[in-house]
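# Topology and contacts: notes
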Amino acid sequence: RSLVVVHFWAPWAPQCTQMNEVMAALAKEHAQVSFVKLEAEALPEISEKYEITSVPTFLFFKNSQKVDRLDGAHAPELTKKVQRHASGSSLSVGSAETAKEDLNVRLKKLINAAPCMLFMKGSPKEPRCGFSKQMVEILNKHGVSFSSFDIFSDEEVRQGLKTYSNWPTYPQLYVAGELIGGLDIVKELEASGELDTICPKAQKLEDRLKNLINKAPVMLFMKGSKQMAKCGFSKQILEILNNTGVDYETFDILEDEEVRQGLKTFSNWPTYPQLYVKGELVGGLDIVK
């Protein structure tokens with residue numbers, strides 16, 4: 001019945017080693033919490049089931065149910081989540097107020113993460129309810145540029161946003177940080193022709209990919225960034241480029257699902273990393289080697 005914290009890690013990632021040290025310190029503080037390490041790439045079925053796309057990722061379980069997750073090496077956030085879930089409902093009034101303030105700050109950031117934000121069940125590629133599916137279809141039909149947040153991935157956001165926005169159901173659509181409404185309102189806006197004037201239009205994906213590929217003379221599309229690779233292949237290609245002293249820019253495909261899927265088709269190259277020079281695809285890690 002106690003809290004179980006599972007760290008999906010990889011031995012090649014220094015950020016995972018750092019977070020293991022943080023976990024060891026937390027384990028001393030919270031004897032009632034079980035801390036577990038799983039090597040993500042050694043357990044592909046489990047990693048796939050829990051949608052682990054990068055390391056480190058932490059999942060929180062209570063009574064065999066996933067209650068929270070944390071992606072990335074954020075020691076203060078991990079500490080905060082462990083403290084909150086370990087203490088359960090025995091929060092003092094003061095700390096409950098602080099937690100509410102922290103959540104509101106987080107919700108505001110999420111709402112403003114893109115000019116048009118959709119909070120939905122699932123993802124645009126795989127909606128997990130009929131209303132979310134209809135909403136995505138309408139936005140795509142009108143060429144709206146939007147980002148999305150899967151409320152199933154974070155129970156705190158799922159419950160908190162209903163109170164924050166005073167809107168009890170999902171999906172919820174926000175433009176420029178303001179709530180537009182749910183599916184019924186978006187359908188009304190579509191019928192009146194207002195939807196096209198309210199929502200930002202998407203740049204065609206092909207144009208966007210061309211712009212990204214030509215953003216710098218040498219462009220690397222990878223998992224992670226120059227500072228922190230999030231897969232072994234990306235790490236190796238960074239080392240090669242750094243050793244040759246090449247000046248290059250990177251794009252993290254984990255941050256943008258549209259680019260991640262679209263570039264594979266556009267370049268006819270199914271895997272990452274991908275290296276481009278002057279807008280032309282050179283290839284992946286094997287070719288660079």
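Quick caveat, the model's predicted, so the values are computed rather than measured. (Residues numbered from 1 in each chain as written. Predicted model: local features only at pLDDT ≥ 70, side-chain atom pairs only at ≥ 80, totals over all residues. Heavy atoms only, no water.)

## Quick notes on the overall build of the protein chain
- Assigned secondary structure in the protein chain consists of 12 helices and 12 strands.
- Here the protein chain holds 289 residues, and the buried ones make up 40% of them.
- For the protein chain, restricting intrachain contacts to residue pairs at least 6 apart in sequence, the fraction spanning at least 24 positions comes to 63%.
- Accessible surface for the protein chain amounts to roughly 15,700 Å². Of this, 51% is attributable to carbon and sulfur atoms. (Helix = DSSP H or I, 4+ residues; strand = E, 2+ residues; numbered from the N terminus. Buried < 20%, exposed > 50% of the residue type's maximum accessible area, 1.4 Å probe, protein only. Contact = heavy atoms within 4.5 Å. Areas by Shrake-Rupley, 256 points an atom, 1.4 Å probe, with all protein chains shown as cover.)

## Examining the domain arrangement of the protein chain
- Annotation of the protein chain at the domain level lists domain 1 (3–86), domain 2 (103–198) and domain 3 (206–287).
- Between the C-alpha centres of domain 1 and domain 3 there is a distance of 28 Å.
- Every contact between the two is made by 6 residues of domain 1 and, on the other side, 8 residues of domain 3.
- Counting the surface lost from both domain 1 and domain 3, the interface buries some 610 Å², and carbon and sulfur atoms represent 64% of this.
- The interface formed by domain 1 and domain 3 holds 1 residue pair in polar contact (both at pLDDT 80 or more) in total.
- Taken together, the residues of the side of domain 1 that touches domain 3 break down into 2 nonpolar, 3 polar and 1 charged. (Domains from an automatic or database assignment. Buried area = accessible area lost by both parts, 1.4 Å probe. Polar contact = N/O pair within 3.5 Å; in protein donor to acceptor, adjacent residues only side chain to side chain. Nonpolar A, V, L, I, M, F, W, Y, C, P; charged D, E, K, R; others polar.)

## Quick look at the nonpolar core
- In terms of nonpolar packing, the biggest core is built from 16 residues, with Leu118, Met135, Leu139, Phe146 and Leu173 touching the most fellow members.
- Mapped onto this core, the elements with two or more residues apiece are strand S5 (116–120), helix H5 (130–141), strand S7 (172–175) and helix H7 (183–192).
- Contact partners of Leu139, with chain neighbours within four places excluded, come to Leu118, Val144, Phe146 and Leu173. (Core = buried A, V, L, I, M, F, W, Y, C linked by side-chain atoms within 4.5 Å.)

## A word on the sheet that holds S7
- The 4 strands are arranged S6-S5-S7-S8 in an open sheet whose pairing can be described as mixed. Among the strands making up the open sheet, the edge pair consists of strand S6 (147–150) and strand S8 (178–181). With strand direction ignored, the average angle separating the axes of adjacent strands in the sheet is 25 degrees.
- In terms of strand pairing, S5 meets S7 through 4 bridges, oriented antiparallel. Bridge assignment links Met117 to a residue of S7, and that residue is Tyr174.
- In this fold H5 packs onto S5, S7 and S8, with an angle of close to 160 degrees to the strand it touches most, S5. (Pairing = 2+ DSSP bridges. Axes fitted to C-alpha atoms, helices over the stretch in contact; angles between N-to-C directions.)

## Things to note about H5
- With 12 residues, H5 should cover 16 Å at 1.5 Å per step; its first-to-last C-alpha distance of 16 Å lies within 8% of that length.
- Among the residues making up H5, those that are buried are Ser132, Met135, Val136, Ile138 and Leu139. Projected down its long axis, H5 carries its buried residues within an arc of 160 degrees, all on one side.
- On the buried face of H5, the contacting elements are S5, S7, S8, H7 and helix H8 (195–198).
- Downstream of H5 by one or two residues, Gly143 has phi in the positive range, about 60 degrees. (Expected span 1.5 Å × (residues − 1). Arc of directions from axis to C-beta.)

## Some details on the packing of helix H1 (residues 14–29) against helix H3 (residues 75–87)
- At a minimum axis distance of 11 Å, the contact between H1 and H3 shows a crossing angle of 30 degrees. Considering their axes alone, H1 and H3 lie roughly parallel with respect to each other. For the pair H1 and H3, the crossing hand works out as right-handed. Judged by residue contacts, Met19, Val22, Met23, Leu26 and Glu29 of H1 engage Ala75, Leu78, Thr79, Val82 and Gln83 from H3.
- Along the lines of polarity and charge, the residues of the contact of H1 with H3 split into 7 nonpolar, 2 polar and 1 charged. (Parallel < 35°, antiparallel > 145°, perpendicular 65-115°, else oblique. Left-handed = near helix turned anticlockwise from the far one by under 90°.)

## So, the pattern of salt bridges
- In total, this model carries 16 salt bridges according to the counting rule given.
- Note that Asp68 is salt-bridged to Lys81, the shortest N-O span being 3.0 Å. Of this pair, Asp68 sits in strand S4 (residues 65–71) while Lys81 sits in helix H3, placing them 13 residues apart in sequence. Both residues of the pair, Asp68 and Lys81, count as buried.
- A salt bridge links Arg69 to Asp71; the nearest nitrogen and oxygen atoms lie 3.0 Å apart.
- Judged by its relative accessible area of 36%, Asp71 falls in the partly exposed class.
- Taken together, the shared-partner salt bridges connect Asp68, Lys81, Arg84, Arg106, Asp154 and Glu156 into one network. (Salt bridge = Lys/Arg side-chain N within 4 Å of Asp/Glu carboxyl O.)

## Thoughts on the packing of H5 against H7
- At a minimum axis distance of 10 Å, the contact between H5 and H7 shows a crossing angle of 25 degrees. Relative to H7, H5 is oriented roughly parallel. Taken as a pair, H5 and H7 cross one another with a handedness that is left-handed. Packed against H5, whose contacting residues are Phe131, Gln134, Met135, Ile138 and Lys141, the element H7 presents Leu183, Val186, Lys187 and Glu190 at the interface.

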